[in-house]
Amino acid sequence: MKRTAFFISDGTGITAETLGQSLLAQFENINFVKLTRPYIDSEEKARAMVQQINAAAEADGARPIIFDTIVNREIRAVLAQSNGFMIDIFSTFLSPLEQELSADSSYSVGKSHSIGHNTNYMERIDAVNFALDNDDGARTHYYDKADLILVGVSRCGKTPTCLYMALQYGIRAANYPLTEEDMERLLLPNALKPYKHKLFGLTIDPDRLTAIRNERKPNSRYASFAQCEFEVREVENLFRRENINYINSTHFSVEEISAKILVEKGVERRFK
């Protein structure tokens, strides 16, 4: 079964898309074509959207699902003329919240993702820069400023996890790749020893690691199953011997990995 879903906003569309995606994920047997349409901030743009929505309705033979965070009533009135099923995220949640708080909402566009009113913005950027500067063991002399240091074999998901935690939560996360030399000596690298309390390990299934590395360096020793299996086994032994908490990243998204790491390490997000 196929349905079209629109995420429509007069701002970035991030709020509509995030909540809409979460709700649609509960319907696993339906194939959704998902279309994000940000900055629908005029009645002219809204009328153009109505044409897109109606075209999708005709093509699918079913009403498109519309998740919107439009705050302008005139623009919403135009969208309401479409052949779509509209879910107004703001009115659904803001009206009862206004009643509980005995206060009126500002109904302002882009409040949660604007730079002007977001005191966390520069902290977010600083955290991303920290993750990039301290990627792949590049600068170990800044580890005293790190909230977390991810360790593991090459290509197990350390870099995307660090960047996600930086961008989403303002966490300053570095990562250090454990090399074959480290495994042969079965010792924690000297650069990591003073910061053992900040370490968290990532591991991965060898067959998955082989597939990932083959995309980078096909038919190499680096990508062979034997090499991947050896590295994963030895790194997991190192984690256990040094009492370093770790998780297997194979079947988890970067969002899930990040959340699990922060919970297990007890690291507070700098912003939420």
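Our structure is the block above this text.
All values derive from a computational prediction rather than experimental measurement. (Residues numbered from 1 in each chain as written. Predicted model: local features only at pLDDT ≥ 70, side-chain atom pairs only at ≥ 80, totals over all residues. Heavy atoms only, no water.)

Trans is the common state for peptide bonds, and a negative phi is the common state for residues other than glycine. A positive phi angle, close to 55°, is found at tyrosine 39, a residue other than glycine. Within the fold, tyrosine 39 resides in the loop between strand E2 (31-37) and helix H2 (43-60). Here the phi dihedral of arginine 155 falls at roughly 75°; this positive angle occurs in a residue that is not glycine. (Helix = DSSP H or I, 4+ residues; strand = E, 2+ residues; numbered from the N terminus.)

The next subject is the sheet that holds strand E5 (residues 148-152). Sheet architecture is open: four strands sit in the order E6-E5-E7-E8, paired in parallel fashion. Here the strands that pair on one side only, and so sit at the sheet edges, are strand E6 (173-177) and strand E8 (246-248). On average, adjacent strands in this sheet sit at an angle of 25° to one another, irrespective of strand direction. Summarising the sheet, E5 and E6 pair through five bridges and their orientation is parallel. Within E6, the position partnered with leucine 150 by the bridge is asparagine 175. In the packing of helix H6 (residues 158-169) onto the sheet, the strands contacted are E5, E6 and strand E7 (199-203), and the crossing angle to E6 comes to about 175°. (Pairing = 2+ DSSP bridges. Axes fitted to C-alpha atoms, helices over the stretch in contact; angles between N-to-C directions. Contact = heavy atoms within 4.5 Å.)

With that out of the way, let us pick up the environment of threonine 69. Inspection of the secondary structure puts threonine 69 in the loop between strand E3 (65-68) and helix H3 (73-79). The class for threonine 69 is buried, based on a relative accessible area of 3%. Once the C-alpha coordinates of threonine 69 and asparagine 190 are considered, the two residues, 121 residues apart in sequence, prove to be 51 Å apart. Those residues in contact with threonine 69 that lie beyond four places of it in its chain are Ile8, Ser9, Asp10, Thr15, Ala16, Ile89 and Phe90. One polar contact links threonine 69 to serine 9, side chain to side chain, over a distance of 3.0 Å. (Buried < 20%, exposed > 50% of the residue type's maximum accessible area, 1.4 Å probe, protein only. Polar contact = N/O pair within 3.5 Å; in protein donor to acceptor, adjacent residues only side chain to side chain.)

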